[in-house]
There are 2 protein chains.
Amino acid sequence: MEPALMGAVQAAREIREGRLSSEELVRSCLARIDQLEETVQAWAFLDPELAVNQAVQADQAKRTGQRLGPLHGVPVGIKDIFDTMDMPTEDGTVLHRGRQPLSDATVVNRLRTAGAVIMGKTVTTELAVFAPAKTRNPHDPQRTPGGSSSGSAAAVAAGMVPLAIGTQTNGSMIRPASFCGVYGYKPTFGLISRHLVLQQSRPLDQVGVFARSIEDCAVLAEAIIGHDPNDPDTRLAATPHLLQIQSEEPPVTPKLALVKTPVWDRADESTRAAFAELAEALGDKVAEIDLPASFNHAHEQHRIIMEADLARSFAKEYETGREQLSGVLREMIERGQRELAVAYNNAVATIPGYNQELDKVFEWHDAIITPATVGEAPLGLDSTGSPMFCTIWTLCGMPAITLPLLVGEQGLPLGVQLVGPRGDDAALLRTARWLVEELNG
Amino acid sequence: MEPALMGAVQAAREIREGRLSSEELVRSCLARIDQLEETVQAWAFLDPELAVNQAVQADQAKRTGQRLGPLHGVPVGIKDIFDTMDMPTEDGTVLHRGRQPLSDATVVNRLRTAGAVIMGKTVTTELAVFAPAKTRNPHDPQRTPGGSSSGSAAAVAAGMVPLAIGTQTNGSMIRPASFCGVYGYKPTFGLISRHLVLQQSRPLDQVGVFARSIEDCAVLAEAIIGHDPNDPDTRLAATPHLLQIQSEEPPVTPKLALVKTPVWDRADESTRAAFAELAEALGDKVAEIDLPASFNHAHEQHRIIMEADLARSFAKEYETGREQLSGVLREMIERGQRELAVAYNNAVATIPGYNQELDKVFEWHDAIITPATVGEAPLGLDSTGSPMFCTIWTLCGMPAITLPLLVGEQGLPLGVQLVGPRGDDAALLRTARWLVEELNG
């Protein structure tokens, strides 16, 4: 097998056991990038020599008997909003062109400690919001890869790297993963530090991972989860044993709650049909659940928080360079500037109430099953598609994973999103793995 | 000694060792209340029978060999914004008249667990903001006791109870303690739960204690400090050994930073003169420190947060009963309704920056020494005086204690405020005790 197409867990094992070198793996990935990048355009910054040098060092560390981390020698793509001290971080805007941070984001630092090769910086939409950048969907270059973590999803889908890091403030992880046909996993709010990551909204910003299997999502997330005094929303807690638990059999057969959400009518007809078939295939392992009426306001609460925070987070960009911002972002910022403090704090205060309602669903169900996106990746590169099927779960800070289990009527991937209770990430991955086997078996 | 005038630590010891019963103590306090309440008006709710019944139960618990808490049998006054399941909680507004909670606030629950007798509910200003209630200053009934924790400060000063609980969102602990000539101690933000306490502002609201000595402040605070999952701003941490540490000698002679703050010019001339004398008496144990210019905006940042939060917290009161709110509160709410989300979040975001600046002061100084109030309690009952000398420390969530060390030119008490670094409460109390001995010795 072409090393670039190996899973991360497998590649790390091959490297640890001496059957593969990190340099071979990285060169194999670089060869695929060389071959596909002109079409896919996943990378904002890539220095092949810097990547190979890290791989050579990883191989040398192994030879000299150093302790090897779980990702030793494995390349990871990093969304270009995470600061890297050896690569520029330009945040998808010309306003930050040439920006060279002095320090690594905590996530990057943890990846280096885990032995990973920081392959390069993947393309983000403008300031990680909506305005698309150059990346194209590897399944069809006429279509969007989704956003804002466009390059990370596309790079993993194209086999350019086994792993990549992204973020989600609305639907920026789950949507591109669904469109690109890979696994995207966004852990519970507060598990992963956002220190030295471009901030959009403190109550909403969440880091996540892309991979081509659940076990690869697990190994990558486990490496970057952890308390960071520099991110006050992270907490001291034992790191969940994601890799171990996801591999185990569920103690009892999981029960899923099919949640259509208040935006069900906005899903493509083929998406709704696919979920009807899915529910039929799962039989009594799934039950349809209606969310309380209060969730009809969740998208509006999310919008208030996000736009008011965009106005604050990008005040300097707006003040000094608004004509170089996209129209869509400018409008969001201008609406956000007008939001009142009372409305903002009321919106933030709805989150615990929503979570209490969702806790009731999880008393009788292991996970919520719901579409990842409205449908397949839409044609055209002038939009990244709609995040609306992710909004509630992001607002509530719940762990979510999208599984590339369906194929839409255009023949493109369509994700099945599973959502678990906050903090129960390991069980969610175990349920996800069970579902994949259930449907493939 | 009249038991009512004993300190809490002493009274608890006498009870534990069988030389005093809780019933004797409570009856002694009730006798003083009977004698002084007509003048002082400290109590919003007091049922002598309910208090005596708790005392009788405490005495019975001792006889039957139950484990005795640190406050066993000692009466505590509770500001009438903490929910109590056996007494009404009316929040100082006619709009909440007759309100009877079903549960105890976490603080009240912890006090019961520590063995305390919940003596009754002390008078608060209207919704714990500015509009005065009936309480008068025990040193001069023509003067305000300060607010918003008016009744708690006055009750302790008048010897009606050895201990009382209050809260501070701006200057509602330190100011009335200074005016009434008692010790007032507001621990670090996040040490004490605010669950089932009337909320004004989540980033600002802080619980504190009144007593007639530092050791009594320590024993009471230690009993109520603790993580509470119902207050997300509290954190799991070991409870500081306040009572033990405050009794110890400082390892080296403390060094104080005299901080005049940007509102120094608004202090009474006699206050400024008193602090000049104090500095002279302390000699090289104090050095005057100027805060950076950024602190000139601290009062405005505090105002933005507090007023926007008042508008949200009291939206229902405003909507349904605004004509029964005071003019001063109505105006604050109406300004708060117009605050923008960006301005609010910018104001909240200044707090870590201010704390970083203050951390530099504490690299070389054990505590900040600064006035507790503009001056002595002003004449008249139509205002509770100014909180401006407390605003910065409340905004920054720092531990603060006021010591009744000075007497103003009207012969009324004047507090000396000591402020410590966040989280270092025990050392602050130790420094405070050292200062009291230094100046009395």
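Worth saying up front: this structure is predicted, and the values here are computed from it rather than measured.

K.L.:
Before we move on, could you go through the interface of chain B and chain A and cite the residues and values that matter?
P.N.:
Taken together, the contacts link 18 residues of chain B with 18 residues of chain A. Taking both partners together, chain B and chain A bury about 1400 Å²; carbon and sulfur atoms supply 54% of that area. Looking only at chain B, the three residues that lose the most surface to chain A are Arg235, Arg312 and Val342 of chain B, adding up to 39% of its buried area. The interface formed by chain B and chain A holds zero salt bridges in total. Run the count over chain B and chain A and you get six residue pairs in polar contact (both at pLDDT 80 or more). Elements with a minimum of two residues in the side of chain B that touches chain A: α10 (298-313), α12 (327-338) and α13 (341-364) of chain B. Taken together, the residues that form the side of chain B that touches chain A break down as eight nonpolar, five polar and five charged.

K.L.:
How would you explain the relation of the copies chain B and chain A if you had to name every residue and give the values?
P.N.:
Of the transformation superimposing chain B on chain A, the axial component is 0.1 Å and the angular component is 180°, with the fit at an RMSD of 0.0 Å. The transformation just described matches what one would write down for a two-fold rotation axis. Here 100% of the interface residues in chain B have copies in chain A that are interface residues too; the copies meet face to matching face.

K.L.:
Describe the sheet that holds strand β6 (residues 206-211) of chain A, naming the residues involved and giving the relevant values.
P.N.:
Residues and elements named next belong to chain A. On the basis of which strands lie adjacent, the open sheet formed by eleven strands has the order β1-β3-β2-β4-β6-β5-β10-β11-β9-β7-β8 and mixed pairing. Looking along the sheet, the strands with just one partner apiece sit at the ends: β1 (43-45) and β8 (286-289). Averaged over all pairs of adjacent strands, the angle between their axes in this sheet comes to 35°, without regard to strand direction. Bridge analysis of strand β7 (residues 256-259) against strand β9 (residues 367-371) gives three bridges, and the strand direction is parallel. In the sheet register, Leu256 faces β9, and the bridge partner there is Ala367.

K.L.:
Outline the environment of Leu358 of chain A, supporting the account with residue identities and numerical values.
P.N.:
Residues and elements named next belong to chain A. Secondary-structure assignment places Leu358 in helix α13 (residues 341-364). Since its relative accessible area comes to 0%, Leu358 is described here as buried. Those residues in contact with Leu358 that lie beyond four places of it in its chain are Leu291, Phe295, Ile368, Trp393, Cys396 and Met398.

K.L.:
I'd love a proper account of the side chain of Asp59 of chain B, names of residues and values included.
P.N.:
Residues and elements named next belong to chain B. Within the secondary structure, Asp59 sits in helix α3 (residues 48-63). Despite its burial, Asp59 pairs with no opposite charge, the nearest such side chain being Arg63 at 5.7 Å. Only 3.0 Å separates the side chain of Asp59 from the backbone nitrogen of Glu23, close enough to count as a polar contact. With near-sequence residues (within four places) excluded, Asp59 lies in contact with Ser21, Ser22 and Glu23.

K.L.:
Kindly report on helix α9 (residues 269-282) of chain A, identifying the contributing residues and their values.
P.N.:
Residue and element names in this part refer to chain A. With 14 residues, α9 should cover 20 Å at 1.5 Å per step; its first-to-last C-alpha distance of 20 Å lies within 8% of that length. Inspection of α9 places Ser270, Thr271, Ala274, Phe275, Leu278 and Leu282 among the buried residues, and these make up the whole buried set. Here the buried residues of α9 occupy an arc of 135° about the axis, which is enough to place them on one side. The exposed set on the far side of α9, more than 90 degrees from its buried face, consists of Glu269, Glu277 and Glu280. Buried residues belonging to α9 abut β7, β8, β9, β10 (400-407), β11 (413-419) and α15 (425-440). Looking one or two residues past α9, Gly283 carries a phi angle of roughly 55°, positive in sign.

K.L.:
If you had to explain the sheet that holds strand β7 (residues 256-259) of chain B to someone new, which residues and values would you point to?
P.N.:
Residue and element names in this part refer to chain B. Taken together, the eleven strands give an open sheet; going across it, the order is β1-β3-β2-β4-β6-β5-β10-β11-β9-β7-β8, and neighbouring strands pair in mixed fashion. Strands at the two margins of the open sheet, each flanked by one partner only, are β1 (43-45) and β8 (286-289). Recorded for the sheet is a direction-independent mean angle of 35° between the axes of neighbouring strands. The strands touched by helix α2 (residues 22-40) within the sheet are β1, β2 (75-79) and β3 (117-122), with β3 carrying the most contacts at an inclination of about 20°.

K.L.:
I'd love a proper account of the packing of helix α10 (residues 298-313) of chain A against α13 of chain A, names of residues and values included.
P.N.:
Residue and element names in this part refer to chain A. One can describe the packing of α10 onto α13 by two numbers: an axis separation of 9 Å at closest approach and a directional angle of 130°. Judged by the inter-axis angle, α10 sits oblique to α13. Judged by the sense of rotation from one axis to the other, the crossing of α10 with α13 is left-handed. When α10 is examined against α13, the residues Ala298, Gln301, Ile304, Ile305, Ala308 and Asp309 are found in contact with a partner set consisting of Ala343, Tyr344, Ala347, Val348, Thr350, Ile351 and Tyr354. Of the residues belonging to the contact of α10 with α13, the class tally is ten nonpolar, two polar and one charged.

K.L.:
With reference to specific residues and values, describe the pattern of salt bridges.
P.N.:
The tally for this structure, following the rule as stated, stands at 46 salt bridges over all chains. We note a salt bridge from Arg194 of chain A to Asp231 of chain A, for which the minimum N-O separation is 2.9 Å. Of the two residues, Arg194 of chain A is situated in the loop between β5 (183-186) and β6 and Asp231 of chain A in the loop between α7 (214-224) and α8 (242-246); the sequence distance between them amounts to 37 residues. As far as burial versus exposure is concerned, Arg194 of chain A and Asp231 of chain A are alike and both buried. Arg143 of chain B is paired through a salt bridge with Asp140 of chain B; the nearest N and O atoms lie 2.9 Å apart. You'll find Arg143 of chain B and Asp140 of chain B in the same group, each marked buried. Members of the salt-bridge network, linked through shared partners, are Glu300, Arg303, Glu307, Arg335 and Glu339 of chain A.

K.L.:
For the domain arrangement of chain A, give the residues involved together with the corresponding values.
P.N.:
A common way to state how big an interface is: give the accessible area lost once the parts meet. Residues and elements named next belong to chain A. Assigned domains of chain A: these are domain 1 (1-294 + 353-441) and domain 2 (298-342). Each of domain 1 and domain 2 was reduced to a C-alpha centroid, and the two centroids are 26 Å apart. If you look at the interface, domain 1 gives 24 residues, while domain 2 gives 19 residues. Buried surface at the junction of domain 1 and domain 2, both sides included, amounts to about 1900 Å², of which 71% is carbon and sulfur. The three residues of domain 1 that bury the most area against domain 2 are Leu95, Glu126 and Gln200, which together make up 25% of that side's buried surface. Connecting domain 1 to domain 2 are eight residue pairs in polar contact (both at pLDDT 80 or more). Element by element, the count of residues in the side of domain 1 that touches domain 2 is highest for helix α14 (residues 391-395), at three residues. Within the side of domain 1 that touches domain 2, the residues separate by chemical class into 14 nonpolar, eight polar and two charged.

Parameters at a glance
- Residues numbered from 1 in each chain as written.
- Chains lettered and ligands numbered in written order.
- Predicted model: local features only at pLDDT ≥ 70, side-chain atom pairs only at ≥ 80, totals over all residues.
- Heavy atoms only, no water.
- Contact = heavy atoms within 4.5 Å.
- Buried area = accessible area lost by both parts, 1.4 Å probe.
- Salt bridge = Lys/Arg side-chain N within 4 Å of Asp/Glu carboxyl O.
- Polar contact = N/O pair within 3.5 Å; in protein donor to acceptor, adjacent residues only side chain to side chain.
- Helix = DSSP H or I, 4+ residues; strand = E, 2+ residues; numbered from the N terminus.
- Nonpolar A, V, L, I, M, F, W, Y, C, P; charged D, E, K, R; others polar.
- Least-squares fit on C-alpha atoms with pLDDT ≥ 70 in both.
- Pairing = 2+ DSSP bridges.
- Axes fitted to C-alpha atoms, helices over the stretch in contact; angles between N-to-C directions.
- Buried < 20%, exposed > 50% of the residue type's maximum accessible area, 1.4 Å probe, protein only.
- Lys, Arg positive; Asp, Glu negative; His and termini not counted.
- Expected span 1.5 Å × (residues − 1).
- Arc of directions from axis to C-beta.
- Parallel < 35°, antiparallel > 145°, perpendicular 65-115°, else oblique.
- Left-handed = near helix turned anticlockwise from the far one by under 90°.
- Domains from an automatic or database assignment.

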